[in-house]
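# Coordinate inspection notes
Here's the letter readout for the chains.
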Amino acid sequence: MKSPRKLIMAAPVFFLLTLHTLASSGYGNWPDTRHSNGHACIGCVLVVSMIEQLTQVHNSTVQISMERLCSYLPEKLFLKTTCYLVVHIFGPDITKLFRADMNADVVCHTLEFCKQDPGQPLCHLYPLPKEAWTFTLEKARQIVKKSPALTYSRSGAGICSLPFLAKICQKIKLSIQNSVPFKDADSDKYSDFPLGLAFTVDNIRAELTLPVCALHFQTLRGFYWRGRDCNDSNKMAYPGRRPDNWDSYQDSNCNGIWGVDPKDGIPYEKKFCEGSQPRGVILLGDSAGAHFHIPPDWITASQMSLKSFLNLPIALTNELDWPQLSGTTGFLYSTSRIKENSIYLRLRKRNHCNHRDYQNISKNGASSQNLERFIESLSRNQLLDYPAIVIYAMIGNDVCSGNIDPLPEMTTPEKLYSKVMQTLQYLDSHLPNDSHVILYGLPDGRFLWDHLHDRYHPLGQLNKDVTYAHFYSFLNCLQVSPCHGWMSSNKTLRTLTSERAEQLSKTLKKIATSQKFTNFDLFYLDFDFQEITEEWQRRGGQPWQLIEPVDGFHPNEVVLQLLADHFWKKMQHQWPHVLGKENPFNPQIEQVFGDQGGH
């Protein structure tokens, strides 16, 4: 058995492994050096800011504030253990630097998590020190000159370079990149694992000498993303398929309706679902469709408590996405103060035979140009499965990037046309007949700067020192902004970005009105942010409340639910056949099967 110190040093690698997969949350690729360095800088400034503000809010020492932060974190994924280890390594230096009145920017440049490359601008979140930057930084470096902690921040080796983690890294990487469940015993692209993924550490015990245990990476593309598999040992049992022999003996489509009514010998699936036009809903989307969300109380010292981080392990293994609450495929009822629910929940309410038939094929960083990398994770069999409503909603990344000059990276109308046609042809060869595809246009992202730039970011609310304009500038400087084109003080750039978005929307509308396919009809919907804003204002809300407060970019849960409501009403009024019939047997299904096995 190795020493306790070696064990505690080994434990955090699993947490770091998870973070490594999340470093490119706004991008479609495994993080490159530039993005990784930028995210390391953001992470450092974020954590050091939280520590500094905790000392203010609780009038405590830096050491107590660091320990307080660690105490809030859950044990799962070794989060608490890792936090205390980080405090042990970097805590003394952070304390010394705070005593010398250094802010988070100076601390993170001193510890070399943030770096200013030659010829590049200085990236900082907070106002610069009164003394010259070079003088302040040199003064700070002298304070920690002989610190052993610097060997950690200077190490450029990634966590996946460790031999005993290489295979696990690769599998997690493929799971995220390909948008399929990590645990899927029968390879039908559905998972029955309650929390999505589990593996033991038998294969790495030799290197770490850890006790045999299970590490739960709690939802890596499991049933938060697509309906739960009711039989993960049978490849022919999964959500959305037509029932096998009317499910007289087993539930082959996982909607919880199976068996035979003893009163008349008729299978329940035949009695309750035949002719009811069951259908599923599938989203091809980006981080907005996946509902990327970082809760504000994670970084707001005045709101932080033991309850704040209870959902952190789930969020980390969900890539910081919350598909279970998304506007298209969410199966949990909205946590916002509005009554609207997801398209899936509305379809399920309309016809209980649609239970569990949802797929969220969304990915952080997805666009029309990289959808082909993971569209094959879509699960639909033309012969065996029910039709589906497929919503194509790549609403940002075709015009958004973090590059210093984002204009050359934007998708052209010609490239969009080519890639969307390629996607539609793929769908036509995989979707059952009588399916429906809806293309969403792009929003006008000038909304972001117009309504947020002069408001305080959560990190700046305590001391009134960081607005969204400052936050956007920091991200743009590091070249890790989710959308430099719209999150910019440059009005011309914002206008050009919106003009390109409008061109792409017109291209999508042209495709929808001119193209015909064998197995589905095709529609176009505007992403009308103005209409959603007006609806929100009629309910007493303010426009700035519609954007995720931490990243200052993504539409929040309210927008996603109002968008679902807009979609539903549009379908009801113009294309009601898309939604299918209302099932008159819903009450009987509830009476016999209750919640149909839940989600």
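Source: prediction; values computed, not measured.

## Description of the sheet that holds strand β6 (residues 435–440)
Read from one edge of the open sheet, five strands run β4-β3-β5-β6-β7, paired in parallel fashion. Every interior strand has two partners, whereas the edge strands, β4 (358–362) and β7 (520–525), have only one. Going from strand to strand, the sheet's axes swing by 15° on average, the running direction of each strand aside. In terms of strand pairing, strand β3 (residues 280–285) meets β4 through five bridges, oriented parallel. Counted as the bridge partner of I282 is Q359 from β4. Contacts from helix α14 (residues 343–350) reach β3, β4 and β5 (388–393) within the one sheet, and its direction differs from that of β3 by about 170°.

## As for the pattern of salt bridges
Inspection of the entire model under this criterion finds 13 salt bridges. A salt bridge links D565 to R346; the nearest nitrogen and oxygen atoms lie 3.2 Å apart. With D565 in helix α20 (residues 557–574) and R346 in helix α14, this pair connects stretches of sequence that are 219 residues apart. The two residues D565 and R346 agree in class, both being buried.

## A few points about the nonpolar core
Most often, soluble globular proteins have nonpolar side chains that are buried together. By size, the foremost hydrophobic cluster in this structure holds 145 residues, and its most contacted members are L424, L427 and L439. Element by element, the count of residues in this core is highest for helix α5 (residues 79–99), at nine residues. Those residues in contact with L439 that lie beyond four places of it in its chain are Y392, V420, L424, L508, I511, A512, L522, F523, Y524 and L525.

## With respect to the state of the cysteines
On inspection of all chains with the given rule, the structure shows seven disulfides. In this model, C273 is linked to C353 through a disulfide, with the two sulfur atoms separated by 2.0 Å. Looking along the S-S bond of the C273-C353 disulfide, the torsion reads about -95°, which is the left-handed sense. In this pair, C273 is assigned in helix α11 (residues 268–273) and C353 in the loop between α14 and β4, connecting sequence segments 80 residues apart. In this structure, C273 and C353 share a single accessibility class: buried.

## Section: the confidence of the model for the protein chain
Overall, the prediction assigns the protein chain a mean pLDDT of 87, with 84% of residues at 70 or greater. Counting interchain partners and residues more than four positions distant, the pLDDT-below-50 stretch residues 1–31 has 83 contacts.

## Points about the packing of aromatic side chains
Applying the stated criterion to the full structure yields 19 aromatic pairs. Ring geometry for W449 versus Y472: centroids 6.2 Å apart, planes at 35°, classification tilted. You can see W449 sitting in helix α16 (residues 446–452) and its partner Y472 sitting in helix α17 (residues 468–478), a full 23 residues away along the chain. With respect to class, W449 is no different from Y472; both count as buried.

## What about the pairing of β5?
Across the six residues of β5, six count as buried, placing the element largely inside the fold. Residues A388, V390 and Y392 of β5 are buried on one face, and the alternating residues I389, I391 and A393, pointing to the opposite face, are buried as well. Strand direction decides the pairing type here: β3 and β5, joined by six bridges, are parallel. Its bridge partner being in β5, G280 is matched across the sheet by A388.

## Regarding the side chain of S336
With respect to the element layout, S336 can be found in the loop between α13 (312–317) and α14. Among the polar contacts made by the side chain of S336, one reaches the side chain of S334 at a distance of 2.6 Å. Ignoring anything within four residues of it in the chain, the contact list for S336 reads E557 and V558.

## Here we look at the environment of L79
By the element assignment, L79 lies in helix α5. For L79, a relative accessible area of 2% corresponds to the buried category. Sequence-wise, L79 and P313 are 234 residues apart; in three dimensions their C-alpha atoms are separated by 8.2 Å.

## Some details on helix α7 (residues 133–143)
Helical geometry: 3.6 residues make up each α-helical turn, so side chains three or four residues apart lie on a common side. Within the sequence span of α7, burial applies to W133, T136, L137 and A140. Down the axis of α7, the sector holding all buried residues measures 95°, keeping them to one side. Those residues of α7 that are buried lie in contact with α5 and α6 (104–110).

## Some words on the layout of surface pockets
Each pocket or cavity is described by its volume, and for the second largest pocket that value is around 680 Å³. Along the wall of the second largest pocket there are 27 residues; nearest its centre are H293, P296, Q545, P549 and N556. Per-class residue counts for the lining of the second largest pocket are 13 nonpolar, ten polar and four charged.

## Points about helix α15 (residues 413–428)
For α15, with 16 residues, the first-to-last C-alpha span of 22 Å sits near the 22 Å given by 1.5 Å per residue. L416, K419, V420, M421, T423, L424, Y426, L427 and D428 are the residues of α15 that are buried. If you follow the buried residues of α15, they end up packed against β3, β5, β6, α18 (491–514) and β7.

## As for unusual backbone geometry
One non-glycine residue, C254, lies in the positive phi region at around 60°. Examined against the element boundaries, C254 turns out to sit in the loop between β2 (214–215) and α11. In this structure, Q596 takes a positive phi of about 60° despite not being glycine. Relative to the helices and strands, Q596 is located in the segment after α21 (586–593). Among the residues examined, Q596 registers a relative accessible area of 2% and is labelled buried.

Cut-offs and rules
- Residues numbered from 1 in each chain as written.
- Predicted model: local features only at pLDDT ≥ 70, side-chain atom pairs only at ≥ 80, totals over all residues.
- Heavy atoms only, no water.
- Pairing = 2+ DSSP bridges.
- Helix = DSSP H or I, 4+ residues; strand = E, 2+ residues; numbered from the N terminus.
- Axes fitted to C-alpha atoms, helices over the stretch in contact; angles between N-to-C directions.
- Contact = heavy atoms within 4.5 Å.
- Salt bridge = Lys/Arg side-chain N within 4 Å of Asp/Glu carboxyl O.
- Buried < 20%, exposed > 50% of the residue type's maximum accessible area, 1.4 Å probe, protein only.
- Core = buried A, V, L, I, M, F, W, Y, C linked by side-chain atoms within 4.5 Å.
- Disulfide = S-S within 2.5 Å.
- pLDDT = per-residue confidence, 0-100.
- Phe/Tyr/Trp six-rings, centres within 6.5 Å; stacked < 30°, edge-to-face > 60°.
- Polar contact = N/O pair within 3.5 Å; in protein donor to acceptor, adjacent residues only side chain to side chain.
- Arc of directions from axis to C-beta.
- 1 Å grid on protein atoms, 1.4 Å probe; cavity = no way out; pocket = protein on both sides within 12 Å on 5 of 7 lines; lining within 4 Å.
- Points joined across faces, edges and corners; volume = space filled by probe spheres on them.
- Nonpolar A, V, L, I, M, F, W, Y, C, P; charged D, E, K, R; others polar.
- Expected span 1.5 Å × (residues − 1).

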